[in-house]
Amino acid sequence: MSQQGYVATPPYSQSQPGIGGFGPPNSSIHYGHYGDPNSSYSAPQPGVSKSTVPFGSPPPVGPPPPGAQQFSQTGFQNGSSTPGQQPHRFQSPPPPSNTGASYPPYSPQSQAAFPNTASASSPAQLADQLNSMQINSYGPGTAPSSCVSPGHPASFQGPRLPPPPTQQQMGLPPTPQLPPPPANSVNGLCAQPALPPMARQGGVPGPVPPNPNLQQLPGQPPGPGYHPQQANYGPQMAASQLSYPGAFPGGPAQLAGPPQKKLDPDSIPSPIQVIENDKAARGGQVYATNTRGQVPPLVTTNCVIQDQGHASPRYIRCTTYCFPVTSDMAKQARIPLAAVIQPFAAVPPNEAPLYLVNHGETGPIRCNRCKAYMCPFMQFIEGGRRYQCAFCNCINDVPPFFFQHLDHMGRRMDHYERPELSLGSYEYAATLDYCRDKKPPNPPAFIFMIDVSYRNIKSGLVKLICDELKTLLDKLPREEQEESSAIRVGFVTYNKVLHFFNVKSSLAQPQMMVVTDVAEVFVPLLDGFLVDFEESRLVVTNLLDQIPELFADTNESETIFAPVIQAGMEALKAAECAGKLFIFHSSLPTAEAPGKLKNRDDKKLLNTDKEKTLFQPQGNYEALAKDCVANGCCVNLFLFPNQYVDVASMGLVTMYTGGTLYKYNNFQLETDSPQFLSDLRKDIQKKMGFDATMRVRTSTGFRATDFFGAIYMNNTTDVEMAAVDCDKAVTVEFKHDDKLSEDTGALIQCAVLYTSMSGQRRIRIHNIGLNCSSQLADIYRTCETDALINFFAKSAFRAILNQPLKTVRDILMNQTAHMLACYKKSCASPAAVSQLILPDTMKVLPVYMNCLLKSCVLVSRPEIPTDERAFHRQVVMAMGVADTQLFFYPLLLPIHSLDLKSDAVPAAIRCSEERLSEGGAFLLANGLSMFLWLGTSVSPELIQGLFNVPSFAHISTEVTSLPDLDNPFSKKLKHILEQIQSQKPHTMKLMIVKQREQPEMLFRQFLVEDKSIYGEASYVDFLVCIHKEISQLLS
């Protein structure tokens, strides 16, 4: 928002050239929508005045002009208004004119009058101890109270911005009595009640009148002061405000003074508090999706979702539920406009499954022009004979069989009887036009491909797999209404050559056929390779008994890999069906064959421009992946490495085909079997779609421009997936191609064409409507941090394939600073430069962003194995919002405080070492790893109850599961473990960690609010850093 006609006076307007990686706009390579050259804030040249700076402008003389405050009485309410009504809009300020009466009102803002001496590049200072939070509500006609620094002689005024947001005032500029310590120390923050305007006498605070709207939250992490419903439809913006002295260019940072207390971590925004507030406000309730642009409960909040016209947040979550009307606004805020779509998300039993709409021969009803499917957004006209497409505005005739009269509201009489008119999500039965070669598909098949090289036989892995499959094949997935599964199964074993098995039900014994020509793989048999398990049960069981014995004396240690995938794909192609390969593999494929890999794990490449090559596949795997997708062949890979296996290359086909990668380092039968078998059982029983294509359509004015996930893109619009299961999510970014309208909003329709588990061709449709606004405050008010982090993680993890790591990290920092600086400049009421102001919906964005920057994928350290980084990168690319939320900010539970009388799980605590206690036991989980940390003085009763041993010294850290004991404590903890496991795609192996023992180092990496063992910033340090970047952008 520009305040025209004012010139900022130095020293505030001087830029600090070249600090913090913000060079000229074109100096760094950009990816995604990051750093669009037009969108970067131009830093003013030293000494050049800049008219848009909200601080440092001399106030006009005289009182604020009349009529400058045009806020309606009804516009202010603390908390959320009724969900049905449209949010009130803020009045924008009158246009500048030369009459002199059009300035926005000003409120006095006191600030240090002395110029700074410290160099701006020294670490930003934090203020004195922050122990409490205030929330101010401003009534109509009163200027927001600003944070005043007591004792500063000169009161300094800055222009006030029109929307008066509610802000959490956190902190204070420095006072002369306590000068800040030397520049390298990080001190505490202090909070002072913000003073109402009447309590100031020339910049020195007078007595503070009591303010009934102030809510004191003693010693507890910040939560919004109103009912913490993120939807918050009233016009207020909530913000958290932290203050750092010496953060505007050059405060007196070098003066000696008494030592200051360290920053109180309870005073900075807490992810746990945000999660708990949302649970308290919206947990256990029914959330109805009947309003366009409403913000759903957080992904961590359990509630019942009722589809009333927009897709459930289980299927689609957005980075913001209100899009800016113009691309200029979008560039100004730099908030990515994206949706995370999980089209096959699992739905709890108490929510309705998707309805299947079948129009017989005619097939789904679609718009003639843009091909969008019939949905609740379509507008029926001319008595119901025609309808206007909500996506492209084309007028279409209603087919005669679909005709229905309209009621007095212009709505069809059968509105509630038809899922496609009243629900956000539903399915259509597809006709032959939607099938390959215009003929109905065959049911899919599963092919099990087992590496029978020396190591896998000797470790007992092959026998373990064969024994498990005997019982598991009874549990193949099927449609709800079917008696048995339609999925057929086949078996292959391999080392340097391939062995196919004929398990036709008429055979007495299975037959083995060996393919030695691995350069040109062919399938030696058609009939008898893919069979119905029910019919061939005896032959298959016989085969699974024989495989471990058949290869018991092998000494073949070399393996092939690409020909194995090729063989599975050719078998599915020959059977004319889609399907999934389950490959169990353990070593780098070094045998002479296509796809042979060499060890290229070179630590010398770390922190160089060539580091990106470690994440790029070698060999011909990209072309193989493309063939697999074209033939509907999904590849699931179970890896059992005990050294480097080049996950970046071997896992590529899995990622492109919508498969899942599992990795068990140094697999030991006794300790690792439970984790592996649990993963295999979960995976085989997953509900999924095969041979899928996804298309995202939008209403006019914007379009989908970029797609991230375990997907393959053949062109710019079709997302192709050989298979898609309940855990896979695709993140879609949108860009403007015209102006959006506040009336019609922004509509999104995601359609997935796929083959069901029974072999039916279907189209699954999810629709969602978002609001549009010309006020930046509305965009910030409806943001969702969890979805933003999902987007940033995926875009960064893709970018490292072709950009140096430092560039990618800088872009993430830059982007975070830009989003928050734009908020402070355009939406928050004026505050001292030394105050960090965070929008309420983004107050934990810094902590999550720091967790992302600390993830092993973006940190190059020789101690972190390259395969581990490639594995994490690949797993995150397919994650939905709930999974990335837990992955970047782990769950930490104090289990010593279990309440055995209730079903409640103890409240989570923040991921920091300060929260652990010697007498406690803590459970940590992030979706891939799980730890049970035990303090040295944990109570003997707890040890006895969980481990059945008398003391701390007797606990073995070798075990990976808790013994089954018949006591309430053990049962309760087991139940909690099962609950956490059941919601995540990968099974977490439990690791027991004792305080002050070596493995504790591994556990500490997950305490993400602390400084990492590799020296990565703590949450507090990161806040200081981000604050410095923001101050630079605004100075």
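You'll find the protein entered in an unreviewed UniProt entry as SEC24 homolog D, COPII coat complex component, with Malurus cyaneus samueli given as the organism.

**Describing the environment of Phe791**
Summarising the element assignment, Phe791 is placed in helix α13 (residues 785-799). A relative accessible area of 0% places Phe791 in the buried class. Between the C-alpha atoms of Phe791 and Pro336, which are 455 residues apart in sequence, the distance is 8.0 Å.

**Quick look at the sheet that holds strand β29 (residues 730-736)**
Taken in spatial order, the four strands of this open sheet run β10-β12-β29-β26, and their pairing is antiparallel. A strand with exactly one partner marks an edge of an open sheet, and here the two such strands are β10 (316-318) and β26 (702-708). Sheet twist, expressed as the mean angle between neighbouring strand axes with direction ignored, is 25 degrees. Sheet topology note: the β10/strand β12 (residues 338-341) ladder contains three bridges and is antiparallel. Bridge pairing links Ile316 to Ile341 in β12.

**Points about helix α8 (residues 621-630)**
Since the α-helix advances by 3.6 residues per turn, residues separated by three or four positions end up pointing in the same direction. All of the buried residues in α8 are Tyr621, Leu624, Ala625, Cys628 and Val629. All buried residues of α8 project into a common sector of 140 degrees when viewed along the axis, lining one side. In this structure, the buried residues of α8 make contact with α7 (562-574), β23 (633-639), α9 (647-650), α10 (652-656), β27 (712-713) and β28 (719-725). Just downstream of α8, Gly632 is the residue with a positive phi angle, here 65 degrees.

**Focus on the confidence of the model for the protein**
Reading fine detail from the predicted coordinates is not recommended where pLDDT is low. Per-residue confidence for the protein gives a mean pLDDT of 81; residues scoring 70 or more make up 75%. Here residues 1-237 is modelled with pLDDT under 50, and outside its nearest four sequence neighbours on either side it reaches 524 contacts, counting other chains as well. Taken as a whole, residues 244-260 scores under 50 in pLDDT and shows 59 contacts with residues more than four places along the chain or in a different chain.

**Focus on empty space enclosed by the protein**
The full count for this structure, using the stated rule, is 16 cavities of 30 Å³ or more. Of the pockets and cavities examined, the largest cavity occupies roughly 220 Å³. Considering the residues around the largest cavity, the lining is formed by 20 residues, among which Thr660, Lys728, Val875, Ala878 and His986 are closest to the centre. The residue makeup of the lining of the largest cavity, split by class, is eight nonpolar, seven polar and five charged.

**Section: the pattern of salt bridges**
Throughout the structure, instances matching the rule amount to 49 salt bridges. Two residues, Asp397 and Arg386, come together in a salt bridge whose shortest N-O distance is 3.1 Å. Within this pair, whereas Asp397 is found in strand β16 (residues 395-397), its partner Arg386 is found in strand β15 (residues 386-388), the two being separated by 11 residues in sequence. Looking at Asp397, the relative accessible area reads 54%, which means it is exposed. For Glu468, the salt bridge identified is with Arg681, shortest N-O distance 2.7 Å. With a gap of 213 residues between them, Glu468 in helix α5 (residues 461-472) and Arg681 in helix α11 (residues 669-685) connect regions that are remote in the sequence.

**Focus: the packing of aromatic side chains**
Tallied over the full model, the rule gives 35 aromatic pairs. Seen in terms of ring centroids, Phe561 and Tyr621 are 6.1 Å apart; in terms of plane orientation they differ by 40 degrees. Their pairing is tilted. In this pair, Phe561 is assigned in the loop between α6 (537-550) and α7 and Tyr621 in helix α8, connecting sequence segments 60 residues apart. The exposure class assigned to Tyr621 is buried, which follows from its relative accessible area of 1%. In this structure an aromatic cluster arises from ring pairing among Phe584, Phe638, Phe640, Tyr662, Tyr664, Phe667 and Phe676. Directly above the aromatic system of Phe380 lies the positively charged group of Arg412, at a separation of 4.9 Å from the ring centroid. Over the aromatic face of Phe952 sits the side chain of Lys994, whose NZ or CZ is 5.0 Å from the ring centroid.

Analysis parameters
- Residues numbered from 1 in each chain as written.
- Predicted model: local features only at pLDDT ≥ 70, side-chain atom pairs only at ≥ 80, totals over all residues.
- Heavy atoms only, no water.
- Helix = DSSP H or I, 4+ residues; strand = E, 2+ residues; numbered from the N terminus.
- Buried < 20%, exposed > 50% of the residue type's maximum accessible area, 1.4 Å probe, protein only.
- Pairing = 2+ DSSP bridges.
- Axes fitted to C-alpha atoms, helices over the stretch in contact; angles between N-to-C directions.
- Arc of directions from axis to C-beta.
- Contact = heavy atoms within 4.5 Å.
- pLDDT = per-residue confidence, 0-100.
- 1 Å grid on protein atoms, 1.4 Å probe; cavity = no way out; pocket = protein on both sides within 12 Å on 5 of 7 lines; lining within 4 Å.
- Points joined across faces, edges and corners; volume = space filled by probe spheres on them.
- Nonpolar A, V, L, I, M, F, W, Y, C, P; charged D, E, K, R; others polar.
- Salt bridge = Lys/Arg side-chain N within 4 Å of Asp/Glu carboxyl O.
- Phe/Tyr/Trp six-rings, centres within 6.5 Å; stacked < 30°, edge-to-face > 60°.
- Lys NZ or Arg CZ within 6 Å of the ring centre and 35° of its normal.

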